[in-house]
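What the coordinates show
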Amino acid sequence: MLDHKEDLAVGTFSGNRGLDQEEPPIFEIGRPETSGVDMEEPAHFEPRLGGLERERPIGLPGVSEPEAMRHYVRLSRKNYSIDAGLYPLGSCTMKHNPRLNEKMARLEGFADIHPLQPQSTAPGALALMEELSRWLLALTGMSAIALSPKAGAHGELCGLMAIEAALEARGEAETRKTILIPQSAHGTNPASAALLGFRPRAIEAGADGVVSEEAVAKELGPDVAAIMLTNPNTCGLFERNVVAIARRVHEAGGYFYCDGANFNAIAAIARPGDMGVDAMHLNLHKTFSTPHGGGGPGSGPVVLSERLAPFAPVPFLSRDGETIRLVEHREGAQSFGRLTAFHGQFGSFVRALAYILSHGSDGLAQASRDAVLSANYLRAALRDVMTQPFGDRACMHEVLFDDAFLEGTGVTTLDFAKAMIDEGYHPMTIYFPLVVHGAMLIEPTESESKRSLDLFVATLRDLVASAKRGETDRFTRAPRLAPRRRLDETAAARKPVLRWSGA
Amino acid sequence: MRYLPLTQADRAEMRAVIGVGDVDALYADVPAELPLAPSLDLPRAKSEMDVERLLGEMARRNVPASRAPFFIGAGAYKHHIPATVDHLVQRSEFLTSYTPYQPEIAQGTLQYLFEFQTQVAMLTGMEIANASMYDGSTACAEAALMAHRITKRRKAVLSGGLHPHYAEVLRTISHFAGDEIVALAPDVRAREDIAAMIDDSVSCVIVQTPDVFGNLRDLASLSEACHRRGALLIAAFTEVVSLGLVTPPGEMGADIVVGEGQSLGNPLSFGGPYLGLLATRQAYLRQTPGRLIGETVDAEGRRGYVATLSAREQHIRRDKATSNICTNSNLCALAFSIHLSLLGEAGLRRLARANHASAVDLVDRLAGVAGVETLNESFFNEFTLRVPRDAAGLVEDMAEAGVLAGVPVSRLLPDAGLDDLVIVACTEVDTVEDREAFIAALRGAL
Amino acid sequence: MSGERYTKDHDFLRVEGDAAIVGITDFAQAQLGDIVFVELPAPGKRVAKGEQLATIESVKAASEVYAPVSGEVLEVNAALEAAPAKVNEDPLGEGWLVKLRVTDAAELEELMDEDAYRAFLESEG
């Protein structure tokens, strides 16, 4: 075993450590006159730039193709990925990304079509959007869908705009400005609400980790526009009072926005439409396996209840006999307007539909059950050594621990996470949700084999035992085997260097 | 099911460890009145071969840009993407990683974003750039909100040359956020007097160049007019390749520059995913939306990168965040950055000249077609054509003849009375034969 | 009246003549961690008690400082722009934030003295 007190720093001449190779910024490799793209200089012509020719050099480096390949391949090897290992980030649903999805999205008839080419020349694209819509509406039990939101947070804006538009139609937009949000919510919820001029008001979850009907009821009134509830919630629990909460909110004249980030627990098992949801975004880059790409692109279609359906944004699909048409302008309808140029993340639609068709309704239900089974398996296998904030009870597709089990060890949640890096794992989501001290939120997804889950359990149990034995160096000095040790985030924020400015 | 590794035996063992006989016992919190695993009238699982067949049929019903002389732009552009780009963005470590929350094992993502930020700042002529937004239109809306925070004013003036989709996105968000929009009439020939609209209540003026009709606009005097009144100038673009040849907004006094980056590295893909670019002055750092990557050192003193100034962002600041954005367009930013690194300064300038030359050639050929008129005095790779009939019908007829000719203005602005205008884009992929085919199809459709 | 006065938000106030120095307590700086940026109000600004006075950012958090009493901003600690770490190193001294002209001296009486603050910290655990 590694001696955690010893420094590892092996001085090599090159700075490389075997396969872990150093790579400077592209600006220290390239040269302005070099190009890795061969192209003929156009024949002489008279420019028509109206006197706005660029005069000063840009400063951009160029590299040959082999240099480009080496630069980016070396960079890639400094990243963890779901293809290489279990990626248990809670609320992020890092599941397997099938390569069939990628192959389909790259078909010429999908990748090489323009959003503004005549609709008569893209009927297959419209059919694909309609087919995806059909599936998403059936899985959620909702009435209408807006495909255009670009990611989850953009979907939140979409849903809240539909709610505000409905309130305007009722003449209550000026009076209903409060949105109820549990403190365990993703930061995007209050941020989206505030962006649209709503006042977020926190509601407390009970000691059991879920929101009670009473907690909501006492906050309801003529000022409340909506509740934003994540279900399953970020503590990994199903909001079991959801139906009663929805009823109360509706009775008080409000709407129910559901953050669908955790839909992977219940896809093809339970329908938000049956729970009284009025609007919910689906993260295609979580539940439906479109790759997260190191932070995007996402895709966040929003499903709407019958009450909100008339206010859906443009563009939307409309069918006339055999012809599907994309309606791009309001044309006098109640649509609340436009969220983005063009029609949404079409490339993600192709990938999501390839995933959905591959699973079928039976496979989707099995995937949800496996995701929940795997999270509960981790819970059961770790409950005697790690601590759960809301007692030992069944969770959904992610299991939440707090840092009580580390008390007195001198090891923090952050240290624990960094030690996991040395063991070859990406850490779980840490310090979120904010309502739990030193939170560790673990989401294994349905993509892990039992062997993989067992190795993960064994590793975590060893780390816990090590912390309790007082081997703090293993944690506080971690990571030591990653491409970088801990980075100085304070220095980065105090004197921000946001662009390359010289070697 | 090929994506699910657990066997029936595994599942049984796992249930035993958990202490449940049936996996659905884990769903005990789902209220009894909800149907659990309702039978859905949907197809069952399909093999890889069957999915390919089904989606392949859908794809074949569309006419791709590479199968016809292609002149459609207006916010998204057909360019050649080097094979290296698509190979590299499909590297597992780029494609299947999450947002870089653990910098020690995400240096690949963090470094390419740092390089991307630098490239965008250089191209736009600005001091700093963020790590991307969803697309040009949402970047534009975020820039207006940012200007409102900086100036503590709430009115945006929109040029009539701004892409109508961008204007609609701004109008929608402003309506709900309670901000004011003053939108000038569609300005086909770039003759509007925006400076006259600026008073002490104006937060920002948003101008696109090249504008949606293809005109290039000198922003120097407008930026002075803005600054005299304490307003900010936001410059937008939809064709980033233009920056290889024309004066960047940063050199004309823009305070925030936003645009669409799809043209470099990213396929048309029927409208998304695309790449929002946002660059600004260092002074406005803390009002900037989205992720920012900064350089620092690790515990051994080695250079490294981290997401920084996070206290602006929703996961920390919640309702006081500068934006609600979380997931952005990292992989599209990577494609952009690889393509631009391959091009280099020399390659980008050559690519831009090839685009301009292609448009100049088509405009020259159009001068010989009676009844049509090119309206632009200046342009980069896109221009507006007046035709003696309804442009939408003309474009449909030309499509019938096998030429994808452009975007009728009525598709973007159905109520503007500009039904005889079509926006035509030329890029390096067009050949002389393509342009000849355009002229022939046009003559046939007139 | 002399010595420091404290709020339940862990801000302090020290009366100097008819002005008062406002900052955050040692407990508050420790909770925030490494401070990377301090946003201060413009001199001349009038604030009511409880109104936002400043914002302090650390790497992983941002925290608003509310005016402990009503007043007018006379001066701000401009040195923090280049050296926000002073708030960590010496919160009650060189890391002060704002100098206020107190407009309602009665409000000073509502703040805790050092003993009361110490007891408050203990009760908070």
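Structure's up top.
Residues numbered from 1 in each chain as written. Chains lettered and ligands numbered in written order. Predicted model: local features only at pLDDT ≥ 70, side-chain atom pairs only at ≥ 80, totals over all residues. Heavy atoms only, no water.

**A short note on the packing of aromatic side chains**
Tallied over the entire structure, the rule returns 19 aromatic pairs over all chains. Between the aromatic rings of A:Phe346 and B:Phe270, the centroid separation amounts to 5.2 Å while the plane-to-plane angle is 70°, which identifies the pairing as edge-to-face. Note that A:Phe346 is positioned in helix α9 (residues 346-382) and B:Phe270 in the loop between β6 (256-260) and β7 (276-280), a pairing that runs across two chains. No difference in accessibility class separates A:Phe346 from B:Phe270, as the two residues are buried. Centre to centre, the rings of B:Tyr98 and B:Tyr101 are 5.8 Å apart; their planes meet at 50°, and the pair counts as tilted. Note on B:Tyr101: relative accessible area 39%, which makes it partly exposed. Three or more aromatic residues link up through ring pairs in this structure, and these residues are A:Phe110, A:Phe346, A:Phe349 and B:Phe270. We note A:Lys177 situated over the ring of A:Phe198; from NZ or CZ to the ring centre the distance is 5.2 Å. In this structure, B:Arg286 is placed above the aromatic ring of C:Phe37, and the distance from its NZ or CZ to the ring centre is 3.3 Å. (Phe/Tyr/Trp six-rings, centres within 6.5 Å; stacked < 30°, edge-to-face > 60°. Helix = DSSP H or I, 4+ residues; strand = E, 2+ residues; numbered from the N terminus. Buried < 20%, exposed > 50% of the residue type's maximum accessible area, 1.4 Å probe, protein only. Lys NZ or Arg CZ within 6 Å of the ring centre and 35° of its normal.)

**Let's talk about the interface of chain A and chain B**
Interfaces are often sized by the accessible area lost when the parts come together. With 210 residues of chain A at the contact, the number on the chain B side is 199 residues. Both sides together, the interface formed by chain A and chain B hides about 17,600 Å², and carbon and sulfur atoms give 62% of it. Among the residues chain A hides against chain B, the three largest losses belong to A:Arg48, A:Arg54 and A:Leu498. Together they make up 5% of the total. On inspection of chain A and its partner chain B, the count reaches 20 salt bridges. For B:Arg44, the salt bridge goes to A:Asp362, with nearest N and O atoms at 3.4 Å. Sort the elements by how many residues they give to the side of chain A that touches chain B and α9(A) lands first, with 25 residues. Across the side of chain A that touches chain B, the residue classes tally to 107 nonpolar, 53 polar and 50 charged. (Contact = heavy atoms within 4.5 Å. Buried area = accessible area lost by both parts, 1.4 Å probe. Salt bridge = Lys/Arg side-chain N within 4 Å of Asp/Glu carboxyl O. Nonpolar A, V, L, I, M, F, W, Y, C, P; charged D, E, K, R; others polar.)

**What to know about the sheet that holds strand β8 (residues 71-76) of chain C**
Residue and element names in this part refer to chain C. Strands sit in the order β1-β2-β3-β9-β8-β5 across an open sheet of six strands; the sheet is antiparallel. In the strand order of this sheet, the two ends are held by β1 (4-6) and β5 (46-47), each with one partner. Two strands pair when backbone bridges link them, and β1 and strand β2 (residues 11-16) are joined in this way by three bridges, in the antiparallel orientation. Paired with Glu4 across the strands is Arg14, a residue of β2. (Pairing = 2+ DSSP bridges.)

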